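Fold and geometry: a report
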Amino acid sequence: MAGLAHATHTHDGDLAVFLIGMRVNQPWRPDLWVPVLTAMPGMIAELYAAKGAADRGEGPDPGFLEARSLVGARGTTVVQYWRDVESIYAYANDPGGRHRPAWSAFYRRSRAATGAVGVWHETYAVPAGAHESLYLGMPATGLGKAFGTTHDRARRRYARLAPAVDAVS
């Protein structure tokens, strides 16, 4: 497409990607899946508030960078970008944060009706040089929104890691 500038994200270091989602297995049990569905927006708001406070120098940096939600026919997925995996675990285990009470409440409710709602997550530690992005004809999203973008072609990244070099003995 002539005239459209390619953009890429500006970050060169390590990062972490966290995917979390839920699946409604028993739609007739909103008493069990609605609380799971409604817990995540509060946690994301808490993370953005902590990030904003850190940006203003008013609190510690939580390591959270950006999130986006995807909605499917039977559930949702939230894609989150973090500085590192340790920051994800620190948030998940923070006794003063929203995650721990929500997780405990989920376990209590799930004992009443096992399988009414499914919850899953995946955590990826992404080393420097193993991530890429391309934005063409659209605003920054994902990594570009988390780190900022550039049109500098010299800063284009490719997720291909350099092949390992065997040591010569």
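This report concerns the structure included in the present document. Only a predicted model underlies this, so the values are computations on that prediction, with no experimental measurement involved.

Rules used in this analysis
Residues numbered from 1 in each chain as written. Predicted model: local features only at pLDDT ≥ 70, side-chain atom pairs only at ≥ 80, totals over all residues. Heavy atoms only, no water. Helix = DSSP H or I, 4+ residues; strand = E, 2+ residues; numbered from the N terminus. Buried < 20%, exposed > 50% of the residue type's maximum accessible area, 1.4 Å probe, protein only. Contact = heavy atoms within 4.5 Å. Areas by Shrake-Rupley, 256 points an atom, 1.4 Å probe, with all protein chains shown as cover. Pairing = 2+ DSSP bridges. Axes fitted to C-alpha atoms, helices over the stretch in contact; angles between N-to-C directions. Core = buried A, V, L, I, M, F, W, Y, C linked by side-chain atoms within 4.5 Å. Expected span 1.5 Å × (residues − 1). Salt bridge = Lys/Arg side-chain N within 4 Å of Asp/Glu carboxyl O.

**Focus on the overall build of the protein**
A count of helices and strands for the protein gives four helices and seven strands. Starting at the N terminus and ending at the C terminus, the protein contains elements arranged as β-β-α-β-β-α-α-β-β-α-β. In the protein, which comprises 169 residues, the share counted as buried stands at 35%. In the protein, the proportion of contacts linking residues at least 24 apart, taken out of those at least 6 apart, comes to 73%. Surface exposure of the protein reaches about 10300 Å², of which carbon and sulfur atoms provide 58%.

**Examining the side chain of Glu-66**
Along the polypeptide, Glu-66 turns up in strand 3 (residues 64–71). Looking at Glu-66, the relative accessible area reads 8%, which means it is buried. When residues no more than four places from it in sequence are discounted, the contact partners of Glu-66 are Tyr-48, Val-79, Gln-80, Tyr-81, Gly-142, Lys-145 and Ala-146.

**Side note on the sheet that holds strand 3**
Spatial ordering of the open sheet is given by 3-4-2-5, a layout of four strands whose pairing is antiparallel. A strand with exactly one partner marks an edge of an open sheet, and here the two such strands are strand 3 and strand 5 (117–126). Here the average twist between neighbouring strands, direction ignored, is 15 degrees. Helix 2 (residues 85–92) contacts strand 2 (15–24), strand 4 (75–82) and strand 5 of the sheet and is inclined by roughly 145 degrees relative to strand 5.

**Observations concerning the nonpolar core**
Core analysis: the biggest nonpolar cluster contains 14 residues, and Met-40, Ile-44, Leu-47, Val-78 and Trp-82 have the highest contact counts within it. Elements represented by at least two residues in this core include exactly strand 2, helix 1 (30–55), strand 3, strand 4 and helix 2. With four residues, helix 1 is the largest single contributor of residues to this core. Contact partners of Leu-47, with chain neighbours within four places excluded, come to Pro-62, Phe-64, Gln-80, Trp-82 and Tyr-91.

**Overview of the pairing of strand 1 (residues 6–9)**
Pairing of strand 1 with strand 6 (residues 135–136) involves two bridges; the strand directions are antiparallel. From the neighbouring strand, Ala-7 faces strand 6, where its bridge partner is Tyr-135. Where strand 1 and strand 7 (residues 149–150) come together, two bridges link them in antiparallel fashion. In the strand pairing of strand 7, His-9 is matched with Thr-149.

**Some words on helix 1**
Its 26 residues give helix 1 an end-to-end C-alpha distance of 38 Å, which sits within 8% of 38 Å, the value for a rise of 1.5 Å per residue. The complete set of buried residues in helix 1 reads Leu-32, Trp-33, Val-36, Met-40, Gly-42, Met-43, Ile-44, Leu-47, Gly-52, Ala-53 and Ala-54. Buried-residue contacts for helix 1 involve strand 2, strand 3, strand 4, helix 2, helix 3 (99–112) and strand 5. Positive backbone phi, approximately 75 degrees, marks Gly-57, located one or two places after helix 1.

**Looking at the pattern of salt bridges**
According to the stated counting rule, one finds six salt bridges in the structure shown. As a salt-bridge pair, Glu-66 and Lys-145 come within 3.7 Å of each other at their nearest N and O atoms. Taken as a pair, Glu-66 in strand 3 and Lys-145 in helix 4 (residues 143–147) lie far apart in primary sequence, 79 residues in all. Owing to a relative accessible area of 52%, Lys-145 belongs among the exposed residues under this scheme. Residues Asp-84 and Arg-83 are paired through a salt bridge, measuring 3.3 Å at the closest nitrogen-oxygen approach. Overall, the relative accessible area of 22% leaves Asp-84 in the partly exposed class. Given the relative accessible area of 35%, Arg-83 is considered partly exposed. A network of salt bridges, in which partner residues are shared, links Asp-61, Arg-83 and Asp-84.

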